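# Commentary on secondary and tertiary structure
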Amino acid sequence: MKRCVIGGLVVAAVLTAGVGFAQNKARAENVPEIPFESVPNFFKMPPDVYFGESMGVARNSKGNIFVYHRRDDTRLFEFDPNGTFVREWTPGLYGFEFAHKVRVDRDDNVWVVDEGTNMVIKFNPEGRVVMVLGRRPEAIEGAVETPEGDPPADERYLFGRPTDVGWDGQGNIFISDGYINHRVVKFDRNGRFIRKVGSNLRGSEPYQFNTPHSLAVDAQGNVYVADRGNQRIQVFDNNLVLRAIYDNVGNPWEVCISPGPHQYLFSSNSNPDSNTPASSWDITGEIYKMELDGRIVGKFGRAGKALGQFQTVHGIDCRNPDELIISEISAWRVQKVRLRQTTTTSSR
Amino acid sequence: MKRLLLVSLAAAAVALGVSVSAQLSFPEIPYDAVDPLVLTRDVYIGEAAGVATNSKGDIFVYTRTGTPHIATAGSRNVSHGGARLLQFDRTGKFVREIGQGVYGFLEAQQVRVDTQDNVWVVDQMSSQVIKFDPNGRVQMVFGRKPEAMRVPNLPLSTLADTYALVPRQGKPTPAGRGAGPNAPPGSAAPGENFNRPTDVAWDSKGNIYVSDGYGNSRVAKYDPNGKWLKNWGSTGTETGQFRVVKGIVIDAADNVYVADRDNRRIQVFDTEGTFKTQFRNVGSPWAICVTPGPRQFLYVSNSNPPNNLDYDGEIIKMSLDGRIVGKFGRAGKLLKEFGTVNSIDCRSENELYVGEIGNWRVQKVTLKPAAGTQ
C-alpha cells in the first residue's frame, strides 16, 4: 500500500503542475477484459422527451430508473424497469439548475446533487422533498464573478459545486464537495455536521483532494472517494481516517459499490469531454471492476460513440453488478450493460 | 433606557421564577409541530419565505421556487421568475396558485393577510409590494420592478438606466438613492422606490407600512389608498436608525414594532415614527408577528443564519412591553427544529405557522404553555 501512496504522489505532483487535470492512461497492466453487451433501444422515450447530458443514473429497489440530466433545464426523469418513461419529477424545482448526480438510498429515497444550486436534495419515494442540504445562492445577489485563486474557506453547511452523496448503514450522509471546495463532509442522518476531510484548497497529499468527483460507501461504512484530479481513489473509514489509496485505475470520474454479501467497486476512467486531446480516445474510457481491497477483477469498454462504447461516463448504477446502467455526458445517452460472468482474477 | 431594560428583564425573570445569569435563560414553552401542507410530486415549494393565514384558515405560502433567471437583452439583462404564491386550505390541501407568472414575482420575501382577507406579497428582488383581493386579483401595486440590470452584473435590485446609478466602487449600495445628496444613507426618497423591502403591516385606520428593507433602512407609510405619507429611518445604530429592517407589525393600540435585525433589537414607534422604546433581548429578529385579541403577544424568531445549524434558531414569545414569556425551538432540520425562520403567522396565539428558508418547509406549531406562564 505504501508504495502505491508514494507512486500516486509523484504522479499527482506532475499532474497539478498543469491546469486542472489531464485524463491519464491507467497504470494497471494485463487487466482481463470482461465481455459485455449493451442492450439496444433499452429506453423507450415518448416523441417529445429527450435526454441531455446524462449526469446521474440510479435504480430503486423495484428496478425503476432515475436519470438526472441537463436538457434545456435540468430535469429528473423516472423510467420503469423495462426502460419505459414513467414521469418527470418536480420540473422547475428550486434546487434544479445544473445536474450532477442522482442516487437512491436503501429506503428508496431519491437524492439529487446539483452543482448549480449547490444543493443536495432528498425526496421520499413518493417524490416529496423531505430534506435539503446546502443552499442556493439568492438570485438578488446577481451573477457572481468566478473567483481567481483560492476559494473562500469552506463552511460546514454550504457547498461549492458538490458532486455526489452516499450513506452508511446508520444513515449518516457523506457528500463529496466538489469542484470549488475539495473535501468530503459527513453529516448525521438529520443533516447535522459531524466532520469533514479536505478543505477549500486543492491538494495532492493524502487526505487532500483535487476535485473529489464521486463517492461510494460499502457495507462496513468505509467511504471510497474518487479523487479525480489526483488520479486515485482514497478509501476512508467511517470516521474519515484514511485506510488505502488505489492509484492504478486512471482518473476516476465515477465510483459505484454493488450491494450484497460480496461487494464490488466499479470505477470509470472516463474519456474527457470532447475527446480532447484526441489521443485520449485511445487510452481512456474503460470501466474497472474491483474488489473492495483494490484488486482488479477486470475492465470493460472503451471510448467511442457507438452502442457499447462510452462517451465520458458520469453515472453508474450497480445495484446488480452484472447488469449496470451507465450514463454518459457527451453522448446524451444512458446504456444498459450486461457483463458476462468472469473467473475471479486480480491484477495490478 | 439600558438600565430600564435591565430592570424590566430582572423583574420579568423574578416574576417567572427564574434566575438572572450572564446568559439569560428563559422558560422553555412546551410545543409540538407538524408539517401541515400536503405536498406531492406535483405540488411542491422551495424556500418558504412567507406564510400567512386568512380568516377562514386558508394558508398562503410565498415561496422561492422555479428557476430565477436573466435573459440577455443587449447591454441590459432582464430578470424573470423565481417565486410563486400558493394557497392551501386549512387541512393543508392545495387549493390554487395566485399570480402565476406576474411581473413582480422574482424573489419571495413575505406574505401577509389583512383584516379583509386581502393577500399582500412583498418581493425582495422586484422591490415591490403587491395586494391581491380575496379572489386573487391584483388590486394595488407598490414600487416598480427594475427594468433591467446592467451588463456586467450588478445586484439585481439595481436599476440599469431609469435612474442615476450609484458609481460602481466596490459593492454598489443604492441605499438612499434619489433622496438627495444631503440625505442620510438609507433614508430613501419620498414615494415607493423600495430597495429590497421585507414586510408590510396596517394600522387601525388602514394606513399601510412597509419595512424597507435590506437595501434601504426605512419604514415607509402610505394612506389606505396607497398615497405616500412619510418615511422614517436611515442606516445606523442610533434609535430611529436601522440595519436591515427585516419585519414590521402593528398592535391594536397602533404601536409599530420594527425588527431591526442586524442591530439585534426591536424598535417601537408610534404611527408618526416617533421612537418609543426598544427591546434588545431578542437576538437577531428575522421574523415578527403580533397576536390578535384583547391580550396581545409578540413572537420573534432569532433565526439561525442559512449557513449554520449550530446556534440560534429559537422563537421567543414576549409581551408587548418587551418582557419575555418564554421560548421554544432550535436550529435543525427535524420537525420541531427550525431552519432559518423567515415568517411567522400567529392569528391564533398557540397555533403558529412558521415558514423556513433553510428547510423549504412550513411547520404548524402548537404551543402548550404551562399554567401561570402568561
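Every chain is numbered on its own, with residues counted from 1 as its sequence reads. Both sets of labels track the order of writing: A upward for chains, 1 upward for ligands. Only residues with pLDDT of 70 or above have their local features reported here, since the model is predicted, and side-chain atom pairs are shown and tallied only from 80 upward, although totals for entire chains, interfaces and linings are computed over all residues.

This part takes up the overall build of chain B. Working definition: helices are DSSP H or I runs of at least four residues, strands are E runs of at least two. Numbering for both runs from the N terminus. The helix and strand tally for chain B stands at one helix and 27 strands. Field definition: a residue is buried when 20 or more other C-beta atoms are found within 10 Å of its C-beta, exposed when 12 or fewer are, and partly exposed for counts in between, with C-beta atoms placed from the backbone. A total of 374 residues make up chain B; the buried ones form 50% of that total. Whether two residues are in contact depends on their C-beta atoms, placed from the backbone: they are in contact if these lie within 7 Å. Counting only contacts in chain B whose residues sit at least 6 apart along the sequence, the fraction spanning at least 24 positions is 46%.

Quick look at the domain arrangement of chain A now. All names here are of chain A. Examined at the domain level, chain A breaks down into domain 1 (1–32 + 156–291 + 312–322) and domain 2 (41–139). At the interface, 19 residues of domain 1 touch 19 residues of domain 2. Every element with two or more residues in the side of domain 1 that touches domain 2 is listed here: β10 (162–167) and β22 (313–320). When residues in the side of domain 1 that touches domain 2 are grouped by element, the largest group, six residues, is from β10. The split of the chain into domains comes from an automatic or database domain assignment.

What follows deals with the sheet that holds strand β9 (residues 129–134) of chain A. Residue and element names in this part refer to chain A. Any two strands are treated as partners once DSSP identifies two or more bridges connecting them. Strands sit in the order β6-β7-β8-β9 across an open sheet of four strands; the sheet is antiparallel. The open sheet has two free edges, formed respectively by β6 (99–104) and β9, since each of these has just one partner strand. Averaged over neighbouring strand pairs, the angle between their axes works out to 15° when direction is ignored. Across five bridges, the pairing between strand β8 (residues 119–123) and β9 is antiparallel. Directly across from Phe123, in β9, lies its bridge partner Val129. Under this scheme, a helix contributes an axis fitted over its contacting stretch, all axes are lines through C-alpha atoms, and angles between N-to-C directions fall in the 0 to 180 degree range.

Moving on to the environment of B:Val290. Residues and elements named next belong to chain B. As for its position among the elements, Val290 is in strand β21 (residues 285–290). The spatial distance from the C-alpha of Val290 to the C-alpha of Cys346 is 6.6 Å, given a sequence separation of 56 residues. Ignoring any residue separated from it by four or fewer positions in sequence, one finds Val290 in contact with Val249, Asp251, Tyr257, Gln296 and Leu298.

Turning our attention to the nonpolar core. Formed by 168 residues in total, the largest nonpolar core has its most connected members in A:Phe66, A:Tyr224 and B:Phe60. Residue assignment places this core across two domains, with domain 1 (1–32 + 156–291 + 312–322) and domain 2 (41–139) of chain A each supplying three or more. We define a nonpolar core as a collection of buried residues of the types Ala, Val, Leu, Ile, Met, Phe, Trp, Tyr and Cys that are connected via C-beta atoms lying within 7 Å of each other.

A few words now on the interface of chain B and chain A. On the side of chain A, 27 residues touch chain B, which itself brings 33 residues to the contact. For this classification, the nonpolar set comprises Ala, Val, Leu, Ile, Met, Phe, Trp, Tyr, Cys and Pro, the charged set comprises Asp, Glu, Lys and Arg, and every other residue, Gly included, is treated as polar. Class assignment of the residues belonging to the side of chain B that touches chain A gives a composition of 13 nonpolar, 14 polar and six charged.

Residues and elements named next belong to chain A. Burial runs high along strand β20 (residues 287–291): four of the five residues are buried. Where strand β19 (residues 264–268) meets β20, five bridges bridge the pair, whose relative direction is antiparallel. Bridge pairing in β20 places Ser267 opposite Tyr288. Pairing of β20 with strand β21 (residues 296–300) involves four bridges; the strand directions are antiparallel. From the neighbouring strand, Lys289 faces β21, where its bridge partner is Gly298. The turn linking β20 back onto β21 is made up of four residues, and Gly294 within it adopts a positive phi angle of 100°.

Let us look at unusual backbone geometry. In this structure, A:Gly178 follows A:Asp177 across a cis peptide bond, with omega equal to -10°. In this model, B:Asp212 is joined to B:Gly213 through a cis peptide bond whose omega is 5°. Along the chain, B:Gly213 falls in the loop between β14 (208–212) and β15 (218–222). In the Ramachandran plot, A:Asp108 falls in the positive-phi region, its phi being about 70° despite a non-glycine side chain.

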